[in-house]
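Report on the structure
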Amino acid sequence: MISWEDFEKVDIRLGTIIKAEEFPEAKRPAYKVWVDLGTDLGVKKSSAQITTVYKLEELIGKRVLAVVNFPPRQVGKFMSEILVTGFYRKEGEVVLATVDQDAPNGSRLL
């Protein structure tokens, strides 16, 4: 068990994917994605290993949950600034964590 204070340390925000590109230099198949996290946080980028589930064109406009307070991480020549969250399927594929109702970009997960 963790405390509420431990949970509050993880800053998870809602954002919209506004750009996605192939990432051929990645060790494992991945895309580069840019996520609009609202006025306060702006646009942040991430590497996401979601190539077996999603095509590039279907990512644009997708609403995702992202951890915004991890330190940036160098992935090849690309600096990943946030962690886009998801769930593993039995086959090991990752599906994105999304929302089913509208809320503003930058909204914090409670």
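Residues numbered from 1 in each chain as written. Predicted model: local features only at pLDDT ≥ 70, side-chain atom pairs only at ≥ 80, totals over all residues. Heavy atoms only, no water.

One pass over the full model with this rule turns up three aromatic pairs. On the basis of an interplanar angle of 80 degrees and a centroid distance of 5.9 Å, the ring pair of Trp 34 and Phe 78 is categorised as edge-to-face. Of this pair, Trp 34 sits in strand 2 (residues 31-36) while Phe 78 sits in strand 6 (residues 78-80); the two residues are 44 residues apart in sequence, bridging distant segments of the chain. Ring-pair connections join several aromatic residues into one group, and the members of that group are Phe 23, Trp 34 and Phe 78. Positioned above the aromatic ring of Phe 78 is the side chain of Lys 45, whose terminal nitrogen or guanidinium carbon lies 5.3 Å from the ring centre. (Phe/Tyr/Trp six-rings, centres within 6.5 Å; stacked < 30°, edge-to-face > 60°. Helix = DSSP H or I, 4+ residues; strand = E, 2+ residues; numbered from the N terminus. Lys NZ or Arg CZ within 6 Å of the ring centre and 35° of its normal.)

Right, let's get into the UniProt feature "domain: TRNA-binding" (unreviewed entry) in the chain. Mapped onto the present numbering, the UniProt feature "domain: TRNA-binding" (unreviewed entry) falls on residues 6-110. For residues 6-110, helix accounts for 11% and strand for 40%, while the C-alpha atoms at its two ends are 13 Å apart. (UniProt positions renumbered as here; feature names shortened; annotations may be inferred.)

In terms of nonpolar packing, the biggest core is built from 19 residues, with Val 33, Val 35, Ile 50, Leu 59 and Leu 96 touching the most fellow members. Secondary structure elements with two or more residues in this core: strand 1 (12-22), strand 2, helix 3 (56-59), strand 4 (63-67) and strand 9 (94-96). In contact with Leu 59, other than residues within four places in its own chain, are Ile 17, Ala 20, Tyr 31, Val 33, Ile 50, Tyr 54 and Leu 96. (Core = buried A, V, L, I, M, F, W, Y, C linked by side-chain atoms within 4.5 Å. Buried < 20%, exposed > 50% of the residue type's maximum accessible area, 1.4 Å probe, protein only. Contact = heavy atoms within 4.5 Å.)

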